[in-house]
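Here's the letter readout for the chains.
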There are 2 protein chains.
Amino acid sequence: MASNRFPIMEIFGPTIQGEGMVIGQKTMFVRTAGCDYSCSWCDSAFTWDGTGKQDIRMLMASEIFQELSRIGGESFSHVTLSGGNPALLPQLNELIDLLHENGIAVALETQGSLWRDWFLQIDELTLSPKPPSSGMQTDWDILDELVSRLSDHNRCFCLKVVVFDDADIRFAEEVHRRYPEVSMFLQAGNNDIMETDSTVLLKRLMKCYEWLVQSVMASTVLRSVRVLPQLHTWLWGNKRGV
Amino acid sequence: MASNRFPIMEIFGPTIQGEGMVIGQKTMFVRTAGCDYSCSWCDSAFTWDGTGKQDIRMLMASEIFQELSRIGGESFSHVTLSGGNPALLPQLNELIDLLHENGIAVALETQGSLWRDWFLQIDELTLSPKPPSSGMQTDWDILDELVSRLSDHNRCFCLKVVVFDDADIRFAEEVHRRYPEVSMFLQAGNNDIMETDSTVLLKRLMKCYEWLVQSVMASTVLRSVRVLPQLHTWLWGNKRGV
Ligand code: SF4
Ligand code: SF4
């Protein structure tokens, strides 16, 4: 019986997915708590650093689905599972199954630090290994295994690297060289997650994105890749829950 | 022998694709001259209204490829064919074949007013029927035929509707209802293609995009669609050739 409970931080939407392989997608978000990483520039540190502890609710798949339906009504058929790292939850397939039974597509992003069999059920899976600026180390053996399992099963997945500086671009090149057949996204980092003045923030974000575009245009390694901003931060700044 | 000549307006890049199904893609652009439509808000009217006549060059596929290689060097493996309406050119397969022989993927956008057998060779094809605000009429029989041929051949294609107002949203809903299985993109229109002040333009474009996002979020017809801006106009305004 599907009666496991999951640590849920936020449920919101419908809104657009602001980044990555389905940028612009109308979706609901379910954000799980907890992460096995602690990236220096994490924009959802409240999911793992204790500051959002009071907001965590332990919910069953059926309760999560009820809340999605209550908030989103009849207006959605796509849900994005976000974190933290949702891959920490071994039984998350209970939620994925329930969503699929109700005709809802499911997207998920994880840094790729561990494998779950239910990855094979995700409709759009993003593996987002973290570059040097994050302070984290990628375990290439594990990432190799994830990529080859997903490829063997012909799954719809991509690689995404958030980029802050030149060293991060070199890392993205390394990822792309290692997995040349996998769709590759580069995303401009948000280097000021505390800025509350949206005009100041927008200017800064656009500069970072333009720098990334120029860097990628000049690269002969990153020949067929996609370069994207975080559209939601351009629109709504550092606000949560939009 | 591949010796047909094509009316070419612009060849430029590498830059990012600013819109649609491969938004953010690093690509070169080849813009053909001529269109069978005359949309009221066309942002590339210079390709068909006579104002760009002096820039049109009649080039063979091999000459186009030479120019792409000269400008783009080793840094690209993706080309976007744009117009005008490139579907007006019956022998464009000569260019597509040559690009494919050189390991280059090819994307193309057309309003869907006529069929070409070479559509089946396009790696990412966008059909962009025009909404009421354009002043154009969609021939649904032709569009039906295009969609069913592309679907029958399992091609990678999508529908995209540019939206300026509520009537355009109703049109987008009609398109989505008619072809529920096809990936659907809504794009915020640029209602000021003459504005040269980039800050003024950006504010206006962001407002239009936010309005479109809100409208789509409220729709129970447009449940699983993608809503995007024109990223290149946000970055570079109404400039040509970037
Ligand atoms: S992996 Fe993601 S959620 Fe975890 S610390 Fe890094 S950025 Fe934050
Ligand atoms: S179909 Fe496209 S190129 Fe032709 S007039 Fe309309 S917007 Fe312009």
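Naming follows an unreviewed UniProt entry, where chain A appears as 7-carboxy-7-deazaguanine synthase of Cohnella candidum. Its UniProt record, at the heading Subunit (unreviewed entry), says of chain A: "Homodimer." UniProt, in its Catalytic activity (unreviewed entry) section for chain A, records the words "6-carboxy-5,6,7,8-tetrahydropterin + H(+) = 7-carboxy-7-carbaguanine + NH4(+)".

Chemist: Can you walk me through the packing of aromatic side chains in this structure?
Modeler: To describe a pair of aromatic rings, one takes the distance between the centres and the angle between the planes. This structure, assessed with the given rule, holds 13 aromatic pairs over all chains. An angle of 75 degrees between the planes, with centres 5.7 Å apart, marks the rings of Tyr 209 of chain A and Trp 234 of chain A as edge-to-face. Residue Tyr 209 of chain A is located in helix α5 (residues 198-218), and its partner Trp 234 of chain A is located in helix α6 (residues 231-236); the two are separated by 25 residues in the primary sequence. Taken as a pair, Tyr 209 of chain A and Trp 234 of chain A share a single burial class, namely buried. Among the aromatic residues, ring-to-ring pairing joins Tyr 209 and Trp 234 of chain A together with Tyr 209 and Trp 234 of chain B into one connected group.

Chemist: Please explain the site of ligand 1 as it appears in this structure.
Modeler: If you check the shell around ligand 1, you find Cys 35, Tyr 37, Ser 38, Cys 39, Cys 42, Trp 48, Gly 84, Gln 111 and Lys 130 of chain A and nothing else. Its residues placed into classes, the shell around ligand 1 shows five nonpolar, three polar and one charged.

Chemist: Whenever I open this one, the UniProt feature "binding site: [4Fe-4S] cluster" (unreviewed entry) in chain A confuses me. Can you help?
Modeler: Residue and element names in this part refer to chain A. Residues annotated in UniProt with the feature "binding site: [4Fe-4S] cluster" (unreviewed entry) correspond here to Cys 35, Cys 39 and Cys 42. Sequence-distant contacts of Cys 35, defined by excluding residues within four places in its chain, comprise Trp 48, Gly 84, Asn 85, Leu 88 and Gln 111. Along the chain, Cys 42 falls in the loop between β2 (26-32) and β3 (57-60). The buried category is assigned to Cys 42, whose relative accessible area is 17%. Ignoring anything within four residues of it in the chain, the contact list for Cys 42 reads Trp 48 and Ile 193.

Chemist: Help me understand the sheet that holds strand β8 (residues 184-188) of chain B, please; the structure alone is not making it clear to me.
Modeler: One key point about sheets: their strands pair by backbone hydrogen bonds, in either a parallel or an antiparallel sense. Residues and elements named next belong to chain B. Read across the open sheet, the nine strands follow the order β3-β1-β2-β4-β5-β6-β7-β8-β9; overall the sheet is mixed. The strands lining the two open edges of the sheet, one partner per strand, are β3 (57-60) and β9 (226-228). Strand-to-strand twist across the sheet, computed as the mean angle between neighbouring axes with direction ignored, equals 30 degrees. One ladder, built from three bridges, connects strand β6 (residues 124-127) with strand β7 (residues 157-163); its direction is parallel. Its bridge partner lying in β7, Leu 127 is registered against Leu 159. Here helix α3 (residues 140-152) sits on the sheet in contact with β6 and β7, set at roughly 160 degrees to β6.

Chemist: Is there a simple way to explain the packing of helix α1 (residues 61-72) of chain B against helix α2 (residues 93-101) of chain B in this structure?
Modeler: Two quantities define a packed helix pair, namely the angle between the axes and the distance from one axis to the other. Residues and elements named next belong to chain B. Remark: α1 packs on α2, axes separated minimally by 9 Å, with the N-to-C direction vectors making an angle of 45 degrees. With respect to their mutual orientation, α1 and α2 come out oblique. In terms of crossing hand, the pair formed by α1 and α2 is right-handed. Residues Ala 61, Ser 62, Ile 64, Phe 65 and Leu 68 of α1 lie in contact with α2, whose contacting residues are Glu 94, Leu 95, Leu 98 and Leu 99. Classifying every residue of the contact of α1 with α2 by side-chain character gives seven nonpolar, one polar and one charged.

Chemist: Is there a simple way to explain the environment of Phe 119 of chain A in this structure?
Modeler: Residue and element names in this part refer to chain A. Topologically, Phe 119 is positioned in the loop between β5 (105-110) and β6 (124-127). Here Phe 119 falls in the buried class, since its relative accessible area comes to 0%. Sequence spacing of Phe 119 and Phe 157 is 38 residues, and the spatial spacing of their C-alpha atoms is 9.7 Å. Filtering out sequence-adjacent residues up to four positions away, Phe 119 remains in contact with Ala 87, Leu 108, Thr 110, Leu 114, Leu 125, Leu 146, Leu 150 and Arg 155.

Chemist: Mind showing me how you'd approach the side chain of Lys 130 of chain B here?
Modeler: All names here are of chain B. You can see Lys 130 is positioned in the loop between β6 and α3. Only 3.2 Å separates the side chain of Lys 130 from the side chain of Ser 128, close enough to count as a polar contact. Not counting chain neighbours up to four residues away, the residues in contact with Lys 130 comprise Tyr 37, Cys 39, Trp 41, Glu 109, Gln 111, Met 136, Thr 138 and Phe 171.

Chemist: Would you mind showing me how to read the relation of the copies chain A and chain B here?
Modeler: Two copies of a chain can be linked by a rotation about an axis combined with a shift along that same axis. The operation relating chain A to chain B is a screw motion whose rotation component is 180 degrees, with 0.0 Å of axial translation and a residual RMSD of 0.0 Å. Expressed as an axis order, the relation between the two copies is that of a two-fold axis. Closest approach to the rotation axis among the C-alpha atoms of chain A is made by Ile 23 of chain A, whose C-alpha sits 4.2 Å away. A share of 100% of interface residues in chain A that are also interface residues in chain B marks the association as one of identical surfaces.

Calculation criteria
- Residues numbered from 1 in each chain as written.
- Chains lettered and ligands numbered in written order.
- Predicted model: local features only at pLDDT ≥ 70, side-chain atom pairs only at ≥ 80, totals over all residues.
- Heavy atoms only, no water.
- UniProt positions renumbered as here; feature names shortened; annotations may be inferred.
- Phe/Tyr/Trp six-rings, centres within 6.5 Å; stacked < 30°, edge-to-face > 60°.
- Helix = DSSP H or I, 4+ residues; strand = E, 2+ residues; numbered from the N terminus.
- Buried < 20%, exposed > 50% of the residue type's maximum accessible area, 1.4 Å probe, protein only.
- Near = heavy atom within 4 Å.
- Nonpolar A, V, L, I, M, F, W, Y, C, P; charged D, E, K, R; others polar.
- Contact = heavy atoms within 4.5 Å.
- Pairing = 2+ DSSP bridges.
- Axes fitted to C-alpha atoms, helices over the stretch in contact; angles between N-to-C directions.
- Parallel < 35°, antiparallel > 145°, perpendicular 65-115°, else oblique.
- Left-handed = near helix turned anticlockwise from the far one by under 90°.
- Polar contact = N/O pair within 3.5 Å; in protein donor to acceptor, adjacent residues only side chain to side chain.
- Least-squares fit on C-alpha atoms with pLDDT ≥ 70 in both.

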